[in-house]
Amino acid sequence: MEPLDELRKQRLDKLNKILEINQTAYAYTFAQTDFAQDIIEQFDTRGEGFHVAVSGRLMSIRRMGKASFGHIMDKTGRIQIYLKQDKTGESAYTLFKLLDIGDFIGICGNVFRTKTGEITIVCESIELLAKTLRPLPVVKEKIEDDEKIIYDQFSDKELRYRQRYVDLIVNPDVKNVFIARSRIISVMRRYLENQGFIEVETPVLQSIYGGAFARPFITHHNALDVDLYLRIADELYLKRLIVGGFDGVFEIAKDFRNEGMDRDHNPEFTMMELYVAYQDYQYMMDLVEDMIRSICQEVFNNTKISYQGQILDFAKPWTRIGFFESIKMETGEDCYGKDEKELRKIIDKLKIEIDPSASKANMLDTIFSEFVEPKLFHPTFICDYPVELSPLAKKHRKKAGLVERFEGYAGGKELCNAFSELNDPIDQRERFENQAALRAEGDEEAMVIDEDYLRALEYGMPPTAGLGIGVDRLVMLLTNASSIRDVILFPHMRPEKS
RNA sequence: GAGGGUGUAGCUCAGUUAGGUAGAGCAACGGCCUUUUAAGCCGUGGGUCCUGGGUUCGAUCCCCAGCACCCUCACCA
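Thresholds applied
Residues numbered from 1 in each chain as written. Chains lettered and ligands numbered in written order. Predicted model: local features only at pLDDT ≥ 70, side-chain atom pairs only at ≥ 80, totals over all residues. Heavy atoms only, no water. Phe/Tyr/Trp six-rings, centres within 6.5 Å; stacked < 30°, edge-to-face > 60°. Helix = DSSP H or I, 4+ residues; strand = E, 2+ residues; numbered from the N terminus. Buried < 20%, exposed > 50% of the residue type's maximum accessible area, 1.4 Å probe, protein only. Axes fitted to C-alpha atoms, helices over the stretch in contact; angles between N-to-C directions. Parallel < 35°, antiparallel > 145°, perpendicular 65-115°, else oblique. Left-handed = near helix turned anticlockwise from the far one by under 90°. Contact = heavy atoms within 4.5 Å. Nonpolar A, V, L, I, M, F, W, Y, C, P; charged D, E, K, R; others polar. Patch = residues over 30% accessible without salt bridge, like charges linked within 9 Å, V, L, I, M, F, W, Y side chains within 5 Å. Areas by Shrake-Rupley, 256 points an atom, 1.4 Å probe, with all protein chains shown as cover. Salt bridge = Lys/Arg side-chain N within 4 Å of Asp/Glu carboxyl O. Lys, Arg positive; Asp, Glu negative; His and termini not counted. Charge placed at Lys NZ, Arg CZ, Asp CG, Glu CD. Near = heavy atom within 4 Å. Polar contact = N/O pair within 3.5 Å; in protein donor to acceptor, adjacent residues only side chain to side chain. Core = buried A, V, L, I, M, F, W, Y, C linked by side-chain atoms within 4.5 Å.

(A) Summary view of the packing of aromatic side chains. Under the definition given, this model contains 13 aromatic pairs. For the pair Y93 and F96, a centre-to-centre distance of 6.2 Å together with 40° between the ring planes defines the contact as tilted. Pair noted here: Y93 and F96 are both in helix α4 (residues 90-97), with a separation of three residues, about one helical turn. Among the residues examined, Y93 registers a relative accessible area of 0% and is labelled buried. On the basis of relative accessibility, which here comes to 0%, the residue F96 falls in the buried class. Between the aromatic rings of F381 and F406, the centroid separation amounts to 4.8 Å while the plane-to-plane angle is 70°, which identifies the pairing as edge-to-face.

(B) Seen up close, the packing of helix α7 (residues 172-194) against helix α15 (residues 471-479). Packing of α7 against α15 leaves a shortest axis separation of 10 Å and a crossing angle of 120°. With respect to α15, the element α7 is oriented oblique. The handedness of the crossing between α7 and α15 is right-handed. Residue-level contacts link V177, A180, R181, I184, I185 and M188 of α7 to V471, D472, L474, V475, L478 and T479 of α15. Its residues assigned to classes, the contact of α7 with α15 comprises nine nonpolar, one polar and two charged.

(C) View of a negative patch on the surface. Residues E259, E441, D443 and E445 make up a contiguous surface patch of negative charge. Mapped onto the secondary structure, E259 falls in the loop between β12 (248-256) and β13 (268-277). What makes E259 partly exposed here is its relative accessible area of 31%.

(D) Here's a closer look at the protein's contact with RNA strand B. Looking at RNA strand B, there are 56 residues lining it, with Q10, K140, E158, H265 and R405 nearest. Separating a phosphate oxygen of RNA strand B from a side-chain N or O atom of R494 is a distance of 2.9 Å. Within the residue set of the surface near RNA strand B, elements represented by two or more residues are α1 (3-21), β1 (51-64), β2 (67-74), β3 (77-84), β6 (140-144), α5 (157-162) and β18 (402-410). With six residues, α1 is the largest single contributor of residues to the surface near RNA strand B. Grouping the constituent residues of the surface near RNA strand B by class yields 18 nonpolar, ten polar and 28 charged.

(E) Representation of the nonpolar core. Formed by 49 residues in total, the largest nonpolar core has its most connected members in M272, L274, F314, F406 and L467. The leading source of residues in this core is helix α9 (residues 281-300), at ten residues. The residues contacting L274, other than those within four sequence positions of it, are L192, F197, V249, F250, M284, L287, A465, G466 and L467. Formed by 41 residues, the second largest nonpolar core is a distinct cluster that contains I242, V249, L350 and M363.

Nothing here speaks to function; it is all geometry.
Printed below as a string of structure tokens:
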């Protein structure tokens, strides 16, 4: 017998014994009237002896013959419980002796403070609500000089991600991250609704994918016998809705990109995309600043956020700097308007290595990532990108060769991407054709021509500002997480061998 | 994709200095205990030492290959 099976068998044996004295080990309801944290907080005002009914998991047990202590954990935290046989009666106490760490119980009793000072519920009755069959990792903690010392923390990252349910039970901070995530998205949604924008849903399964540079996941529709792609972005569908007369739409949803995985990338991730008619990218910068400030204020009650040891201040306006200006500032080189030969000279001078066949866009992108990106810790908008990097953005109204586009960076991460949307169908067709040419040369991430999208543009799209925010990265930043896996409940993992 | 690291009991980890089938704490099980708190006291059980090959009389340890996870870099809008 496997050792784990032995532990399970012991629990199954207890389950059978429980069933002999109790009708069931899996109750239907429990009339919960109180929560651990409230009881502790209200102890001083309510005084000793008030009656409570709490339910949750049994997280520790200290048995001493006919009396026992333990802790029960509900959604608010842990509270100590105390049972003594002459209070609960013999059969209830016998039931308690058959319980394990992890079991769900409901108890009724009165609150008091033990002589060592811990607020505790002395049980009058106890009900088993659900028996566990697997042992939970036992995490112990001690408070010393207001410092929490944790012993035997459940820390195996692989197990934590694969069995997130266990991680959530025994590592309370993990739960807090996901509560924060939920609130961030909720505040974001409410903020956008308050601005008058409408939340919509667009297809996940698409016969032509677009809106970003990425390789897609491919799936198959049996009844139609066609291959379909999982969307890599919502962009082109949302802009069709602007054509259709919605003046402000947004979608918070999963995108899928068939690429590598690392601390900033999960194959499926959450994106918020927003499109607003009659506005441009300047408007979007203001909106991003204001929205993120609101999120910080409402969720954390603070616009200063600590990320990886540094402070980000979202109360202040973000730094706004041009793409080429930022390069000039960090390297001293002015790359604007330079042709491929001149750029190559600059690259040699800067002593970085780039594939000799690299395109102009590619070289600029590399210089930027090498010299500017690592410096972008404080919230910054990088504005006005080369047109080659942005086939869906509108040409800059003043600067030749650029588009009206910005990316928002904070904490060294790219957080959002926005532009004045290209609404000239002829220009858009040319851009798509350039992409098709790149694709023909083997660039698998180049965009595919979307004829229906061009048809929509030919019906006329008003001036429009568009924005995409990587929700997972925003959550990472605001919860001080260093890996995207820490803000996704079930991050993608290689299949477990059976 | 490249380099590095890790993989030993349910959990957290030692260890085999130099190859002889392994230990601790917690959890579990048994006994004693009616105010204990990271662990009450005493005792017991529990291991495919990631997998597969090789070397060897003998491998958890050495060698080769593989798998999973972590870290760094590359890729990645």
